Amino acid sequence: MNILMVLTSHDELGDTGNKTGFWLEEFAAPYYVFKDAGANITLASPKGGQPPIDPSSDNEDSQTDDTRRFKSDEAAQKHLANTEKLSAVDASGFDAIFYPGGHGPLWDLAEDTHSKQLIETFYNSDRPVGAVCHAPAIFRHTQRADGKPLVSGLRVTGFTNSEEEAVGLTEVVPFLVEDMLKSNGGQYEKSDDWTEFVLRDGNLVTGQNPASSAAAAKALLAMLEPAAATA
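Overview of the structure. (Residues numbered from 1 in each chain as written. Predicted model: local features only at pLDDT ≥ 70, side-chain atom pairs only at ≥ 80, totals over all residues. Heavy atoms only, no water.)

Side note on the sheet that holds strand E1 (residues 2-6)
Then, in step 1: With mixed pairing, the seven strands of this open sheet are ordered in space as E3-E2-E1-E4-E5-E9-E8. With partners counted over all chains shown, the strands left at the sheet margins are strand E3 (84-85) and strand E8 (198-201), one partner each.
Then, in step 2: Here strand E5 (residues 129-132) runs beside strand E9 (residues 204-207); their pairing, made up of four bridges, is parallel. Looking at the pairing, Val-132 lines up with Gly-207 of E9.
Then, in step 3: Against the sheet, helix H4 (residues 113-124) makes contact with E1, strand E4 (96-99), E5 and E9, and its axis sits at roughly 135 degrees relative to E4, the strand it touches most. (Pairing = 2+ DSSP bridges. Helix = DSSP H or I, 4+ residues; strand = E, 2+ residues; numbered from the N terminus. Contact = heavy atoms within 4.5 Å. Axes fitted to C-alpha atoms, helices over the stretch in contact; angles between N-to-C directions.)

With respect to the environment of Leu-13
Then, in step 1: The residue Leu-13 is located in the loop between E1 and helix H1 (24-36) in this model.
Then, in step 2: For the pair Leu-13 and Gly-104, spaced 91 residues apart in sequence, the C-alpha separation works out to 7.6 Å.
Then, in step 3: Beyond its immediate stretch of four places on either side in the chain, Leu-13 contacts Asn-18, Lys-19, Thr-20, His-103, Trp-107, Leu-169 and Val-172.

Quick notes on the nonpolar core
Then, in step 1: Counting residues in hydrophobic clusters, the biggest one holds 36 residues, and the most contacted among them are Tyr-99, Phe-139 and Leu-204.
Then, in step 2: Counting residues per element, the ones that place at least two in this core are E1, E4, H4, E5 and helix H6 (177-183).
Then, in step 3: By residue number, the principal contributor to this core is H4, which donates four residues.
Then, in step 4: Look past the residues within four positions of Phe-139 in its chain and what remains in contact with it is Ile-119, Val-129, Ala-131, Leu-150, Val-151, Met-180, Leu-181, Asn-184, Leu-204 and Thr-206.
Then, in step 5: One finds Phe-27, Phe-70, Phe-159 and Leu-221 within the second-largest nonpolar core, a separate group that totals 30 residues. (Core = buried A, V, L, I, M, F, W, Y, C linked by side-chain atoms within 4.5 Å. Buried < 20%, exposed > 50% of the residue type's maximum accessible area, 1.4 Å probe, protein only.)

A look at the pairing of E9
Then, in step 1: Residues Leu-204 and Thr-206 of E9 are buried on one face, and the alternating residues Val-205 and Gly-207, pointing to the opposite face, are buried as well.
Then, in step 2: Both E8 and E9 contribute to a ladder of four bridges, which runs antiparallel. Along E9, the bridge assignment pairs Val-198 with Gly-207.

Here it is, written out as structure tokens:
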């Protein structure tokens with residue numbers, strides 16, 4: 001199994017003067033779900049190299065078993081520090097694509113043409129596409145082969161308006177993930193704030209928040225394992 005994980009390169013939280021990036025748990029948990037299943041993982045980002053970690057996700061209160069494992073895993077840290085440039089990635093070599101969240105994707109990956117092309121290529125060729133928390137922002141401009149928004153008519157989830165309000169960034173972010181998914185015709189669903197919630201519709205997997213990271217990765221992996229077993 002060859003899985004492409006795409007991370008943000010954006011590190012500015014609007015005009016606040018604060019830093020953002022990807023959320024560490026949302027990278028570490030899926031990374032180890034895939035790694036422990038024997039997948040070959042390629043990491044990419046718009047700028048390549050070391051993607052920015054959201055400082056808030058790196059404080060003591062945000063640590064999990066997976067983030068602690070990452071902090072003691074020199075090979076994984078080196079892997080993350082050397083992401084491939086997204087524009088150089090060829091979709092043909094991968095079985096699935098997965099996007100960790102954090103606020104960064106709202107600014108760069110939501111608008112990135114290379115990301116858009118990759119997502120459309122994977123989705124329209126029936127390969128799994130996964131995104132968790134803020135990462136469903138990547139579906140802002142993506143389309144299916146019929147020209148409709150990719151999420152149109154599909155059951156999807158992502159960071160809720162109330163979760164955004166709880167972290168005090170409703171007026172900072174360029175758009176709200178929940179509102180965007182609904183405006184693109186997605187059948188948006190959610191659970192209680194900060195609780196695990198994952199949806200799969202066809203080959204699309206979305207997770208609501210950081211607590212959903214591992215479950216979203218496992219849902220995507222489950223679509224690959226039957227194929228791997230018969231290969």
